[in-house]
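Summary of structural features
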Amino acid sequence: MNKKRVLAGTLYCLMMAYAFSVTAVGPLLPVLMADYQIPLREAGLFSLFQGGGGIIGLLLGVMFASYIRLDHMVKALAGIYCASLLALGLKMAFLAMLVLFFIIGASTKLLDSTLNAYVSELYPADSSKHLSILHACFGMGALLAPLIIAFLLERNMPARRVFAALGIICLAIQCAYYGVQRACPPPAKTEPLKPGQLWEVLKNRHILFLCLCVMSYTGFSCGCSMWVPSYMKSCLGACTTEANYPIYALWMGIILGRLFCARYSQRFNAYRYIIGANLLGWAAIIGATALDAVLAYISAYFIAGFTAGGVVPIAVAIANGRYPAYKSSVSAIITLAAAVGFMLFPSLVGVVAEADFWRGIGLLNIFPVCIAVCMLMAGRAARNYKNENERSNRL
């Protein structure tokens, strides 16, 4: 048995479990709003607290993650996430629930960046391929969570017990990882970023535009996951099951898009692919918005998911290739950008949607264009860096 493949398989499963936290709120949002008697504006606090926790966790990760072995980080963070999901199974006040969402955000976002660094460490030669597989598993988890939740809600299970059920699934995956990791050699510690080196990475235009690209992707995928089901139900008259179909289509597209990148990413220019694909996804969503019909949204979100699916693994692979000695910290920086997008953009959509739900959903249409523009600028920054190096070498 190839121990490295088995270990990678458990890391992929942990990424799938982490994805539950990203798409669980959307299907549960109408139930949570009814349970706590909160309006749309306050419902956006779930993503705000979860995203805020992610930012705090990742800031700590950028500074200190490189000092801790990757396997120890995974064990600790997965344990905190699992315990928080199980705690959500208890009756509690709205504020207490928000605190737990903050803890979930801190643990899962840092877990995300650690898993990226761990897989890059396991497969340094073809990290783009294996990171695409890792993020395809994220897509599988993001797709599975609404399916599991819809199944449980149709059987009248309370929201808190749904969270507990997800926690039990995560606990089983975590135990499998513990068992496999004990039989594998420990990963090497990555080199820590010193304050001066950290500032050099943060002010690098190439890394900056990759971060903005990932922020835009997260704003799109998480914003859709949170608000589209409610829009389908309240404005288009879809039933609970039908309201989730566009999100199923979105995440199925993301999964297939990432598997496509895993298979073919070595054969095309990553920058050009992301730019062209996301402009195609934008065109599909604009058409669906004009038709404003459930079937149109299902088709468009599948296309948009496929075209945007490669954004995060390609961005992480490019950033780690730029700074290969600092994988943990660089992965944390990219994931930090994703956390900022998760915190800001779904909440912003909620504020707009409270005044006009159609305009709030329409706001999501901007993000594929933002992805394309940011990747265009990242490609230009990479070319400028390459040209400067070539000139300095000739001198």
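Residues numbered from 1 in each chain as written. Predicted model: local features only at pLDDT ≥ 70, side-chain atom pairs only at ≥ 80, totals over all residues. Heavy atoms only, no water.

1. So, a nonpolar patch on the surface
Taken together, the side chains of Ile56, Leu59, Leu60, Met63, Phe64, Tyr67, Ile68, Ile80, Leu95, Val99, Phe102 and Ile103 present a nonpolar region at the surface, about 1,100 Å² in accessible area. Among the elements that take part in the nonpolar patch, helix H4 (residues 45–64) stands out by supplying five residues, more than any other. Assignment of secondary structure puts isoleucine 80 in helix H5 (residues 70–87). Judged by its relative accessible area of 40%, isoleucine 80 is partly exposed. (Patch = residues over 30% accessible without salt bridge, like charges linked within 9 Å, V, L, I, M, F, W, Y side chains within 5 Å. Areas by Shrake-Rupley, 256 points an atom, 1.4 Å probe, with all protein chains shown as cover. Salt bridge = Lys/Arg side-chain N within 4 Å of Asp/Glu carboxyl O. Helix = DSSP H or I, 4+ residues; strand = E, 2+ residues; numbered from the N terminus. Buried < 20%, exposed > 50% of the residue type's maximum accessible area, 1.4 Å probe, protein only.)

2. Some words on empty space enclosed by the protein
Evaluation of the coordinates by the stated rule reveals five cavities of 30 Å³ or more. Put simply, the largest cavity is a space of about 170 Å³. If you go around the largest cavity, you meet 18 residues; those closest to its centre are Asp112, Phe138, Tyr217, Val312 and Ala338. Looking at the lining of the largest cavity, the elements that each hand over two or more residues are helix H1 (3–23), helix H6 (94–122), helix H7 (127–153), helix H10 (205–234), helix H15 (311–322) and helix H16 (327–355). Here the residues of the lining of the largest cavity sort into 10 nonpolar, five polar and three charged. (1 Å grid on protein atoms, 1.4 Å probe; cavity = no way out; pocket = protein on both sides within 12 Å on 5 of 7 lines; lining within 4 Å. Points joined across faces, edges and corners; volume = space filled by probe spheres on them. Nonpolar A, V, L, I, M, F, W, Y, C, P; charged D, E, K, R; others polar.)

3. Looking at the nonpolar core
Core analysis: the biggest nonpolar cluster contains 141 residues, and Phe46, Leu210, Trp227, Trp251 and Tyr301 have the highest contact counts within it. Per element, the largest residue contribution to this core is 16 residues, and it comes from H10. (Core = buried A, V, L, I, M, F, W, Y, C linked by side-chain atoms within 4.5 Å.)

4. Focus: the packing of H10 against helix H12 (residues 245–264)
The N-to-C vectors of H10 and H12 enclose an angle of 155°; their axes lie 9 Å apart at closest approach. By the angle between their directions, the pair H10 and H12 is classed as roughly antiparallel. The segment H10 lies against H12, with Tyr217, Phe220, Ser221, Cys224, Ser225, Val228, Pro229 and Met232 engaging Pro246, Ile247, Leu250, Trp251, Ile254 and Arg258. Each residue belonging to the contact of H10 with H12 can be placed in one class, and the counts come to 11 nonpolar, two polar and one charged. (Axes fitted to C-alpha atoms, helices over the stretch in contact; angles between N-to-C directions. Parallel < 35°, antiparallel > 145°, perpendicular 65-115°, else oblique. Contact = heavy atoms within 4.5 Å.)

5. Observations regarding the side chain of asparagine 116
The topology assignment puts asparagine 116 in helix H6. Assessed through its relative accessible area of 1%, asparagine 116 is described here as buried. For asparagine 116, the side chain forms a polar contact with the main-chain oxygen of aspartate 112, separated by 2.7 Å. Dropping the residues within four chain positions of it, asparagine 116 is found in contact with Met15, Leu131, Leu134, His135, Val316 and Ser331. (Polar contact = N/O pair within 3.5 Å; in protein donor to acceptor, adjacent residues only side chain to side chain.)

6. Structural notes on the layout of surface pockets
Taken as a whole, the largest pocket holds about 210 Å³ of empty space. Elements with a minimum of two residues in the lining of the largest pocket: H7 and H15. If one sorts the elements of the lining of the largest pocket by residue count, H15 sits on top with three residues. Of the residues that constitute the lining of the largest pocket, the class distribution is five nonpolar, four polar and one charged. Space inside the second largest pocket adds up to approximately 180 Å³. Lining the second largest pocket, in full, are Asn204, Arg205, His206, Arg322, Met377, Arg380, Ala381, Asn384, Tyr385 and Glu388. Of all the elements in the fold, those that place two or more residues in the lining of the second largest pocket are H10 and helix H18 (366–394). When residues in the lining of the second largest pocket are grouped by element, the largest group, six residues, is from H18. For the lining of the second largest pocket, a count of residues per class yields three nonpolar, three polar and four charged.

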